Every structure is written in structure tokens, then in C-alpha cells.
Amino acid sequence: MYDYLIVGSGLYGSIFAHEAHKLGKKVKVIEKREHVGGNVYCEQIEGINVHKYGAHIFHTSDKAIWEYVNSFVEFNRYTNSPMALSKGKIYNLPFNMNTFNQLWGTITPQEAKAKISQQSAELSGKEPTNLEEQAISLIGRDIYETLIKEYTEKQWGRKCKDLPAFIIRRLPVRFSYDNNYFNDTYQGIPVGGYNKLINALLEGIEIETSVDYFDEREAWDALAEKIIYTGPIDRFFDYKFGALDYRSLRFETEVIDSDNYQGNAVVNYIDKKYDFTRIIEHKFFEFGTQAKTVITREYPKEYAKGDEYYYPVNDDKNMKIYKQYYELSKLKENIIFGGRLAEYKYYDMHQVIKSALHTFKSQVGAGDE
Ligand code: FDA
């Protein structure tokens, strides 16, 4: 009999498994995919760690979480500084003094602020009724038309004029020459890739991959005192209250016979003439010096049954459905529902780690730590 059967080997399942194993608990991990790691899994191509389920950049301001992950694997000094290509010109993101200089030639923060307020005045006094008006009221027409409009329309498959204003409540704007995308204190990528982190967490733990819990649910349930379920919550309850929506993506990966394709890990392609929204060049996450390079084009995609679950859609309709599942989940005393899919929550990596550690501690009681 296992103390814990862990369904899913993403960060949540792997952290929980590690902590339980460390305390001498009997643990088994089962995983539907052919590999462990969930969405942080990297596939090696041409000696490059390719982020197979989307670019993953670790960032946190939580010192304890940063020290925790660094105790398993060293992190490099990668700082996310995406670029945007629009109408043949390249711009820095997030919007900062470099972007304003590239767009208008402004030099000082005062000049940039004056330009933005002059442009956003176009809508002054009027409550924005759609995304276009909202963006112009926040940042002015030039930035909206150069760096927001076509990208957003590709992402949503609809005109900005037909999208609700609330989608962009705030826009990150910085009046310094700082291209660092995140505001967090700590940031980086595991040296040698995320698989190193997952493998270190799961060391010494019994694992079976290519196993779907639902294929033999009763047999698995009978094997363990407690189940840690990290799969989709609607699936757990046989979609009783309906299927939850997800936003999906399509990735197209290509090996390029050159050592450098775009000079940066992340480039957003704003113009609608490109069907994709971003190109990720994976070697830059780890300062790779390989002879070839691997790029991934990211295409927006409507979610269809059978697709990977990427982003939960936490709108009113879906949250109502989720709440019904959540109420049912509370009645399952020997099952813990954790992680992005089981909690239907957009967790970043540091948040999912914190949540798994917290739940584990509350399971065993603070005295056992
Ligand atoms: P995750 O989905 O990783 O793991 C769940 C596992 O359960 C999967 O391996 C699945 O196969 C398995 N499973 C499901 N059903 C099962 C069943 N029936 N039987 C057996 N196994 C089953 N975060 C961040 O901090 N920085 C970033 O840059 C990014 N970037 C990013 C890009 C994209 C495209 C996405 C979708 C997400 C990010 N994230 C991110 C978020 C990050 O991916 C996320 O926080 C963690 O991977 C969540 O880990 P979980 O363990 O909760 O889920």
C-alpha cells in the first residue's frame, strides 16, 4: 500500500512526491505522457533544450522558493527581454524608454510622458467601450497601432474594436531604459534545462509513464491511502457539470542550419501578415553555442477536444462550472486536487511550487517538517 499515489508528474506532482519521499513515505507517480515534467519538460534537439510545451522562464520574488529550486539545480542569469518586430522595425518590450526612443526618438522620461499623455488625450473624458479605445486611453495611438493592434487581433481572432475593454486593464509601462520583462527579484533558467530539476525532485521515486489514471481508476485507488490528483478537474468528475474551456496554442518547431536565427530568445511578430505571434529561439535561454539552432513558431489556436490544456479561461461562465467541481472535490477526503489543471488556475511555476509545498506541509502537520 502506498501512502501517496501521485497522478501527474508536473511541478506540483513532482514537488509533492519529493517532499513525501523525503519523509520516508511510500510514494508512486503515474504520468499519462511518455515523459515526466508536465509542461516544463524539455526535449533535446541538436543539443539544445527545446521547451516543448511553451517557453518557460522561472521568476519569483520569493526568496525561500528561489533557494528551494536552487538546492536541486543551479539557475543561470537569463533575463527575459523580448523584442517585437513591427512593420520591418524592431522594438524593445516591455514598453520602456528604449521602445519610446525607437518609436519617437524621445530621450528623457519627461519627453516620453508628454508624448503619451498628448496621444491618450484623444479619448479624454470618454469611457473606453472596447479594447482599442482602452489601449489608446492608456498608451496613445502610436503604440497601440505599432505594437498592440495586430498582435492582439491575431491572438483573439477578432478585431480590437470588437473585443471588450477589460481585457487590458493595465499595460506595463516603464520610464527607465530597462528591458527586463519581469519585475521579480530572481529570474533564470536551470543550467542544463528543466528536466534536471524534475529528475532531481523525482530521484529514488517509483514512476510509471504512459499510464492514464482513468484507464484503471479503481485499481489505482485501491493501491494508496491518498491520491494527489493534478489532472483536469472536470475529467475527474466525468464532465458532470460540463467541460471547462482552455485557451490553446499550436507550436511548430524547426531546426535551422545556422547558429543564430533571430538573436534573441523571444521575438513577438506583431504584423498580421505572419500567422504566428511569436518565435522562440531556445538556445538563448541557456546561452547556447551549438552549431545549429532550433526555433518554435507559436500560433494562436481555438481549443478543441483532445488538445493540450494550456491556459484556463477564468471568466464568469467557466468559474461557475469550476466552483461546482470544487464543491464536489471537497467531499473527497482521500484525494488532494492540486496544480494548474485540478485547481483550474493560472499558476506560474513559483506559485505552483509554493502551493504544493504548502499543501504537503498541511498534510503532514508542521511538526513533521
Ligand atoms: P502540469 O500540466 O505541468 O502537469 C500535470 C501533469 O499531469 C501532466 O504531465 C499531465 O500529463 C498529467 N496528467 C493529467 N491527467 C492525467 C491522468 N489522467 N493520468 C496521469 N497523468 C495525468 N510559468 C512560469 O513561471 N514562467 C513561464 O515562462 C511559463 N510559461 C508558460 C507557457 C505556457 C505555454 C504554459 C501553458 C504555461 C507556462 N507557465 C509558465 C506555467 C507553468 O507551466 C505551470 O505553472 C506549471 O507547469 C504547472 O505545473 P502542474 O504540475 O500544475 O501542471
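Residues numbered from 1 in each chain as written. Predicted model: local features only at pLDDT ≥ 70, side-chain atom pairs only at ≥ 80, totals over all residues. Heavy atoms only, no water.

**Student:** What's the story with the site of the ligand in this structure? I'm lost.
**Tutor:** Close to the ligand lie 35 residues, the nearest being E31, H56, I57, Y347 and M349. Within the side chain of E31, an N or O atom sits 2.6 Å from an oxygen atom of the ligand. A distance of 2.8 Å separates an oxygen atom of the ligand from a polar atom in the backbone of I57. Coverage of the ligand by the protein amounts to 96% of the 1000 Å² it exposes when considered alone. Within the residue set of the shell around the ligand, elements represented by two or more residues are α1 (11-22) and α11 (349-364). (Near = heavy atom within 4 Å. Polar contact = N/O pair within 3.5 Å; in protein donor to acceptor, adjacent residues only side chain to side chain. Areas by Shrake-Rupley, 256 points an atom, 1.4 Å probe, with all protein chains shown as cover. Helix = DSSP H or I, 4+ residues; strand = E, 2+ residues; numbered from the N terminus.)

**Student:** What is the right way to look at the nonpolar core in this model?
**Tutor:** As a rule of thumb, soluble globular proteins bury nonpolar side chains together. Core analysis: the biggest nonpolar cluster contains 45 residues, and Y4, I6, L11, F16, F58, F285 and I353 have the highest contact counts within it. Taken together, the elements giving at least two residues each to this core come down to β1 (2-7), α1, β2 (27-30), α2 (63-70), α7 (194-202) and α11. Among the elements that line this core, the one with the most residues is α11, at seven residues. Apart from the residues lying within four places of it in its own chain, the contact partners of I353 are L11, I15, F58, I65, Y68 and V69. (Core = buried A, V, L, I, M, F, W, Y, C linked by side-chain atoms within 4.5 Å. Buried < 20%, exposed > 50% of the residue type's maximum accessible area, 1.4 Å probe, protein only. Contact = heavy atoms within 4.5 Å.)

**Student:** Mind showing me how you'd approach the packing of helix α3 (residues 97-104) against helix α6 (residues 141-156) here?
**Tutor:** Helix-helix packing is described using two parameters, namely the angle between the two axes and the distance between the axes. Relative orientation of the contacting elements α3 and α6 amounts to 95°, with a least axis distance of 11 Å. In terms of orientation, α3 and α6 fall into the roughly perpendicular class. Here T99, F100, L103 and W104 of α3 lie close against α6, whose contacting residues are D142, I143, T146 and L147. When grouped by side-chain class, the residues that make up the contact of α3 with α6 number five nonpolar, two polar and one charged. (Axes fitted to C-alpha atoms, helices over the stretch in contact; angles between N-to-C directions. Parallel < 35°, antiparallel > 145°, perpendicular 65-115°, else oblique. Nonpolar A, V, L, I, M, F, W, Y, C, P; charged D, E, K, R; others polar.)

**Student:** Quick question: what am I supposed to make of the sheet that holds strand β15 (residues 311-312) here?
**Tutor:** Whether parallel or antiparallel, the strands of a sheet pair through hydrogen bonds between backbone atoms. With mixed pairing, the seven strands of this open sheet are ordered in space as β7-β6-β12-β13-β14-β11-β15. A strand with exactly one partner marks an edge of an open sheet, and here the two such strands are β7 (89-92) and β15. Pairing of strand β6 (residues 83-86) with strand β12 (residues 266-269) involves three bridges; the strand directions are parallel. Residue pairing in the sheet places M83 in a bridge with V267 of β12. (Pairing = 2+ DSSP bridges.)

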